[in-house]
Amino acid sequence: MTIRFPLAQPSHWQRPEVTDLPAAAESWLLAEGSLTQKLKLHSQHFSVHVIGQQTAPVFESEFDMFRRHHKRVPFEAVVREVILSCDDTPWVFARSIFPLSAVNQKNLNLSNIGSTSLGQSLFDQTDLLRSPFEVSKLDINNSIAKLNKKLHEKSHPLWGRRSLFQTSGQQVLVSEVFLSPVPFYQELS
Ligand SMILES: C=C(O[C@@H]1C=C(C(=O)O)C=C[C@H]1O)C(=O)O
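Bear in mind the structure is a predicted one, so any value in this text is a computation, not a measurement.

**Concerning the overall build of the protein chain**
- Secondary structure assignment for the protein chain yields seven helices and seven strands.
- Counting from the amino terminus, helix and strand elements in the protein chain follow one another as α-α-β-α-β-β-α-α-β-β-α-β-β-α.
- For 189 residues, the compact-globule estimate of 2.2 N^0.38 gives 16 Å, and the C-alpha radius of gyration of the protein chain, at 16 Å, lies within 12% of that figure.
- Taking the principal axes of its C-alpha atoms as reference, the protein chain extends roughly 45 × 35 × 30 Å.
- The burial tally for the protein chain puts 52% of its 189 residues in the buried class.
- As presented, the protein chain carries roughly 9300 Å² of accessible surface, and 50% of it is formed by carbon and sulfur atoms.
- Side chains of the protein chain give 19 positive and 18 negative charges; the mean places of these two sets differ by 4 Å.

So, in structure tokens, the structure goes:
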């Protein structure tokens, strides 16, 4: 299946406490630490499929996140969109925003991640800081919910989270949308 890049559409992000985030979803959406590590605990084989990684437009709601953390905006950025799979089943769609200054930060090695996990680069940094999570509920008409329907033949709203990582004087925005196979959805139906 060919997935268009960029796939994601602007969405509305809020602090979890002001949303109807189901309690069953909190163990995934609000989990600290690396999502890659968490997914590896749920699979024999973890993989990353890169949909695209190149300079692309950034949404106003994404600029807001950088603005709130004192990064001058607007700026040129590289957008990376991936599918994270457990045992070849797609579990997560992720979209990350790398300002060009972060791309040029050698120790982050953002240009050469390829199909390894961004998490490996970020969580190796000893000075890593992470903002509080924001969450978003994507309705069935969202492009990622439509991809989920194609992949899993399930049509339902999806929950996503985002946070801003700071390390080496740089900032990287990471958004993750959980697809149907992530266990908490079974508890919602
Ligand atoms: C930030 C992490 O990296 C993960 C890997 C990503 C990638 O390879 O593009 C994107 C989002 C994350 O789910 C993590 O593991 O927590």
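What follows continues from the structure just given.
**A closer look at the site of the ligand**
- The full set close to the ligand counts 15 residues, and Ser34, Leu35, Thr36, Arg80 and Glu176 are the nearest of them.
- Contacts to the ligand include Glu176, whose side-chain N or O atom sits 2.7 Å from an oxygen atom.
- If the ligand stood free it would expose 390 Å²; the protein chains cover 100% of that surface.
- Put simply, the parts of the chain that give the shell around the ligand at least two residues each are helix H2 (35-41), strand S2 (77-86), helix H5 (118-123) and strand S7 (170-178).
- Residues of the shell around the ligand, tallied by class, amount to eight nonpolar, five polar and two charged.

**Describing the pairing of S7**
- Counting buried residues in S7 gives nine out of nine residues, a clear majority hidden from the surface.
- Of the two faces of S7, the one holding Gln170, Val172, Val174, Glu176 and Phe178 and the one holding Gln171, Leu173, Ser175 and Val177 are both buried throughout.
- Pairing of strand S6 (residues 158-167) with S7 involves eight bridges; the strand directions are antiparallel. In the strand pairing of S7, Thr167 is matched with Gln170.
- Between S6 and S7, which follow one another and run antiparallel, lie two residues, and Ser168 among them has a positive phi close to 50°.

**Some thoughts on the nonpolar core**
- Membership of the largest hydrophobic core comes to 34 residues, with the highest contact counts inside it found for Trp28, Leu29, Leu39, Phe93, Ile144, Phe178 and Phe184.
- With 12 residues, the next largest nonpolar core counts Val78, Leu118, Val172 and Val174 among its residues.

**Topic: the environment of Lys150**
- Its place among the elements puts Lys150 in helix H6 (residues 143-152).
- Accessibility expressed as a relative area gives 62% for Lys150, which makes it exposed.

So, how was this worked out
For every chain, the first residue of the written sequence is number 1, and numbering continues from 1 along that sequence. Confidence filtering applies because this is a predicted model: local features only for residues at pLDDT of at least 70, side-chain atom pairs given and counted only at 80 or more, and all residues used for totals across whole chains, interfaces and linings. Neither water nor hydrogens contribute to the side-chain values; these are computed over all heavy atoms in the structure. Strands here mean DSSP runs of E at least two residues long; helices mean DSSP runs of H or I at least four residues long; both are numbered from the N terminus. We compute the radius of gyration from the C-alpha atoms alone; for a globule the expected value is 2.2 Å times N to the 0.38, where N is the number of residues. Each residue gets one of three labels from its accessible area relative to the maximum for its type: buried under 20%, exposed over 50%, partly exposed in between, using a 1.4 Å probe on protein chains only. Surface accessibility follows the Shrake-Rupley procedure with a 1.4 Å probe radius. Residue values consider only the protein chains on display as shielding. When charges are counted, neither His nor the chain ends are considered; positive counts come from Lys and Arg and negative counts from Asp and Glu. Working definition for charges: the position is that of NZ of Lys, CZ of Arg, CG of Asp or CD of Glu. Proximity is defined per residue: if any heavy atom of the residue lies within 4 Å of a molecule or strand, that residue is considered near it. Pairing of N or O atoms within 3.5 Å defines a polar contact, subject to two protein rules: one partner must be a possible hydrogen donor and the other a possible acceptor, and residues neighboring in sequence count only if both atoms are side-chain atoms. Three categories are distinguished: nonpolar for Ala, Val, Leu, Ile, Met, Phe, Trp, Tyr, Cys and Pro, charged for Asp, Glu, Lys and Arg, and polar for the others, with Gly belonging to the last. When DSSP finds two or more bridges between two strands, those strands count as paired. To qualify as a nonpolar core, a set must consist of buried Ala, Val, Leu, Ile, Met, Phe, Trp, Tyr and Cys residues joined through side-chain atoms within 4.5 Å.

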